Structure formats: structure tokens, C-alpha cells
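Given next are the chains, with one letter for each unit.
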Amino acid sequence: MHEDAMRKLPPLGALRVFEAAARRLSFKQAAEELNVSATAISHQIRQLEDMLEVKLFERETRQVHLTDAGKALFPVLRDGLDRFEQAIADVRRQQAGKVARLTSTVAFVAKRLAPLAGSFREAYPDWTLRLDASNRTVDLEADADAAIRFGGGNYPGLVTEPLFEDRFAPLCAPRLAPKSAGDLKGATLIHFDWGLARRDDPRAPVWRQWLQAAGIAGVDASSGISFTDEIHAVQAVVAGQGIGLLSLTLVAEELASGILVQPFELTLASDRYDLVYSPRVAERPATKLLRAWVAEQFCDADCRGLRHGALPPL
């Protein structure tokens, strides 16, 4: 468009009303969303149709449908308003300072991300890293720029970049290390709750599964001490309270330093860690920066594919 040409557009308010009504196919629901009356919505739509000299909705008693003209206009307007909303959010974020927001599970933030926060500051001194430790699903447009998620790798609508697969094994303080499988019969087993979603999942890395894979009988797989949170189970094992079937990823530092030992070679495969983000924010500076930093911390040269069984560097 020529720089001194005037844009010939309907009022933005009318376009916003049309987009809401077209998205919901309901004047009533559009009115509730925009906090106006249904009559006001109908009036704005009628004015817009008169201005465009084309009918946008077919009106029935209890519902409305888009005409061919409405169907042509809706996706263009919807995408435009989405970009408008995103641009405003980015401008507000820039005004608030250079903040990169990364979310992950409470355990992963505590054991892996928090100890690395200093390296972020060294690499990007003009930026602030905000770590959101949460086991709930976070909105990756409004509440965070990217996430490191633990799961099966299926996140519809999001960009997924595999990092590494986790594995679980029996771990304990050196003084508690069993000399044979039979010693597990008198050991205190440490458990944590996988939650209702995976409590009965045969693939969940729990003591019952490990004992079966190891061919060890006579051990009560449910006995011992159980925690509702994984990080508390890790702390109990580090404190020498028993033997825990723990994530090798979360206790990599304790294993390297000798605080914990792995008395048996058998490990169980588990879910994987992925970096995920919304495609709508892929070009956001904070998202691009987090992608680079996470790759530097947790990926090797083969980071473009899943590293089966490999552990990330400390």
C-alpha cells in the first residue's frame, strides 16, 4: 500500500464484533464475550453489512450461519486480530524488560534448571530468566515463552523439540547399598505418587515393574515410605531414609559426586523431556533465546533427534 494512501476500512469495533460472532456463530455468545447486549451486536453487524453492501450472516430463529462472503472474511480477520493481539503483548513485554520465561515441572526446575540459572546470566547479561516451577499445564503464549515438558512427546498445536529420554533405577546412599538382590527384602523402599493419570499405567517406572523386570520375588513392592511429590522422595533418598526408584536425570549431580550410588545396572525406560512452545511465538526474541540456551545445556550434536538412553550434560 502506498505510504500516503488512506486505508479504506470499516471501524475496528465493527470488525471485532463480526469476528467474535463468526467465531462463535452466536450473537448472544459474542455479546457475552464483549460485554455488550445481543441487540448491540446485531446492530453493529447490520451496519457492517450495509457498509460492505454484502450479507455476512444467514439469520435463523435460534442460530446464525456465515454466508459465503462471511466465510471469506472471517479467517483473514481472525488471523489479523490474532497478530494484532500478539504484537501488543510483545510490545508490553518489551516495555517491561527483557524477560525470558521458561516453565517446567517442580522437580526439574529444582534439580536441573535452578543450578544452571547462573549460566543463563553469563550468556545473556541483558536478560532476566524467570523459571516457573509448576506441574500444571501453562499457557505457552500468555504465561511463558517456552516449556520443558516431561511426557510422551504428544503436544497438539505446539512445536516439539526432543531433548532426551529419562531412565529410572534403584538409588541410595552408599551405606545403604544392598550387596545382592536378596537384601532388598529388608530394605525400606521409597516411592512417590505418579498421580491418577499414571497410577495404573504398566509402563510407569515403579518398584513393582522394576522388581518384575529384575526377576526378584519375595519383596513387597508397596512397602516402605511414599511421598506425593517426586522432589520429596529424592530428598528422602539423599538423606539416607531408604532406596528409591528415581530419575537418573534428576539425581545426575548426586550420582556424579558419590552422594548416591546405583547398586543395580537394570534401569527402566520412562518418558522423555521436550522443549515445547507455541508456533505463534516462535519468532519472539525470548523464545528464540530459550531455544538456544536449552540446546546448549541439554543437547549434544544429535539434538535434532531423541537420544535414547542418554543423559543430558550437567
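Residues numbered from 1 in each chain as written. Predicted model: local features only at pLDDT ≥ 70, side-chain atom pairs only at ≥ 80, totals over all residues. Heavy atoms only, no water.

## Here's the deal with helix α7 (residues 207-214)
Among all positions in α7, only W207, W210 and L211 are buried. Across the axial projection of α7, the buried residues extend over an arc of 95 degrees, all falling on one side. As for α7, its buried residues are in contact with β6 (159-171), β7 (189-192), β9 (243-247) and β10 (268-277). Where α7 ends, the next residue or the one after it, G215, has phi of about 70 degrees, a positive value. (Buried < 20%, exposed > 50% of the residue type's maximum accessible area, 1.4 Å probe, protein only. Helix = DSSP H or I, 4+ residues; strand = E, 2+ residues; numbered from the N terminus. Arc of directions from axis to C-beta. Contact = heavy atoms within 4.5 Å.)

## Topic: the environment of E19
Residue position: E19 is located in helix α1 (residues 12-24). By relative accessible area, which is 7% here, E19 ends up buried. C-alpha separation for the pair E19 and R78, spaced 59 residues apart in sequence, amounts to 6.2 Å. The contacts of E19, once residues within four sequence positions are left out, are F74, L77, R78 and L81.

## Remarks on the nonpolar core
Soluble globular proteins tend to bury their nonpolar side chains together. In terms of nonpolar packing, the biggest core is built from 28 residues, with L184, W207, W210 and L211 touching the most fellow members. The set of elements that each furnish at least two residues to this core consists of β6, β7, α7, α8 (230-238) and β9. When residues in this core are grouped by element, the largest group, four residues, is from α8. When neighbours within four sequence positions are excluded, W207 is seen to be in contact with P170, L189, I190, H191, A221, I243, G244 and L245. (Core = buried A, V, L, I, M, F, W, Y, C linked by side-chain atoms within 4.5 Å.)

## Regarding the confidence of the model for the protein
Mean pLDDT over the protein stands at 85; residues scoring 70 or higher make up 88%. Ranking the elements of the protein by mean pLDDT puts helix α4 (residues 68-95) last, at 80, and β9 first, at 94. Counting contacts from residues 304-314, a segment whose pLDDT is below 50, to residues more than four positions away or on other chains yields 30 contacts. (pLDDT = per-residue confidence, 0-100.)

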